[in-house]
Amino acid sequence: MDHLSYKTLYVNKASANKGWVIVDAGQGNLGRVASEVAKILKGKHKPSYTPNADCGDNVIIINSDNVRFSGRKWDQKYYLTHTGYPGGQRKTSPRELKAKSSTLLVERAVRGMLPKNRLGAELFRNLHVFTGSEHPFAAQQPKELTLNI
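All values reported here derive from a predicted model rather than from experimental measurement. (Residues numbered from 1 in each chain as written. Predicted model: local features only at pLDDT ≥ 70, side-chain atom pairs only at ≥ 80, totals over all residues. Heavy atoms only, no water.)

## So, the packing of helix 1 (residues 30–42) against helix 4 (residues 102–111)
Quick note on the threshold: Only the stretch in contact is used when fitting a helix axis, every axis being a line fitted to C-alpha atoms; angles between N-to-C directions are given from 0 to 180 degrees. Only DSSP runs of H or I reaching four residues or more are called helices, and only runs of E reaching two or more are called strands; each is numbered from the N terminus. An angle below 35 degrees is treated as roughly parallel, one above 145 as roughly antiparallel, one from 65 to 115 as roughly perpendicular, and anything else as oblique. Take the far helix as your reference; a near helix turned counterclockwise from it by less than a right angle gives a left-handed crossing, and one turned clockwise gives a right-handed crossing. When checking whether two residues touch, look at their non-hydrogen atoms; a contact exists if any pair is within 4.5 Å. All amino acids are sorted into three groups, where Ala, Val, Leu, Ile, Met, Phe, Trp, Tyr, Cys and Pro are nonpolar, Asp, Glu, Lys and Arg are charged, and the leftover types, Gly among them, are polar.
Running from amino to carboxyl end, helix 1 crosses helix 4 at an angle of 60 degrees, the nearest separation of the two axes being 8 Å. When the axis of helix 1 is compared with that of helix 4, the two are oblique. For the crossing formed where helix 1 meets helix 4, the hand is right-handed. In contact with Leu 30, Ala 34, Val 37 and Leu 41 of helix 1, helix 4 contributes Leu 105, Val 106, Ala 109 and Val 110. Per-class residue counts for the contact of helix 1 with helix 4 are eight nonpolar, no polar and no charged.

Below, the structure written as structure tokens:
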């Protein structure tokens, strides 16, 4: 064997083999589901994983209404935001955020587990969250994924 046969192959956007995956949000607690989805979006489950490229799969999360928290986090946990004005700090509980839209709750959890740069923003565009079990991506023939959590 020559020394060229051991070259490390890196994946770029053009050569990435991206698939489609469906995950049910009601399978486990929100943090555990979100961390598994973040791994799939980043592509860490593939042998051709490249840290600086978008090589992960597109993820469809269904049934975001059935999301769960452990303990009393529905009322005790708070998400902090700031308006940019003095005294503009606002806190929202998961119960209030779910009343507005349950997709925001799941999107926020997954976004927090992705890189905080341009690659993270690009990876986040591969996430699609729906409240019910219906979604418009049937033509992509997504694979059902059961999480081991």
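## Quick look at the pattern of salt bridges
The cut-off we apply is this: In what follows, salt bridge is the name for a side-chain nitrogen of Lys or Arg lying within 4 Å of a carboxyl oxygen of Asp or Glu. Relative accessibility under 20% of the residue-type maximum defines a buried residue, over 50% an exposed one, and the middle range a partly exposed one, all with a 1.4 Å probe and only protein chains included.
If you walk through the whole model with that rule in mind, you get five salt bridges. Put simply, Glu 122 and Lys 13 hold a salt bridge, and the shortest N to O gap is 3.0 Å. Taken together, the residues Glu 122 in helix 5 (residues 118–124) and Lys 13 in the segment before strand 1 (20–24) connect sequence positions 109 residues apart. Owing to a relative accessible area of 24%, Glu 122 belongs among the partly exposed residues under this scheme. Taking the relative accessible area as the measure of exposure, Lys 13 reaches 58% and is therefore exposed. Here Lys 46 and Asp 57 are joined by a salt bridge, their closest N and O atoms 2.9 Å apart. Remark: Asp 57 occurs in the loop between helix 1 and strand 2 (58–62) and Lys 46 occurs in the loop between helix 1 and strand 2; sequence separation between them is 11 residues. One exposure class covers both Lys 46 and Asp 57, and it is buried.

## As for the environment of Asn 63
Inspection of the secondary structure assignment puts Asn 63 in the loop between strand 2 and helix 2 (73–76). Assessed through its relative accessible area of 16%, Asn 63 is described here as buried. C-alpha separation for the pair Asn 63 and Leu 145, spaced 82 residues apart in sequence, amounts to 14 Å. The residues touching Asn 63, leaving out its near neighbours within four places in the chain, are Asp 24, Ala 25, Gly 26, Phe 130, Thr 131, Gly 132 and Ser 133.

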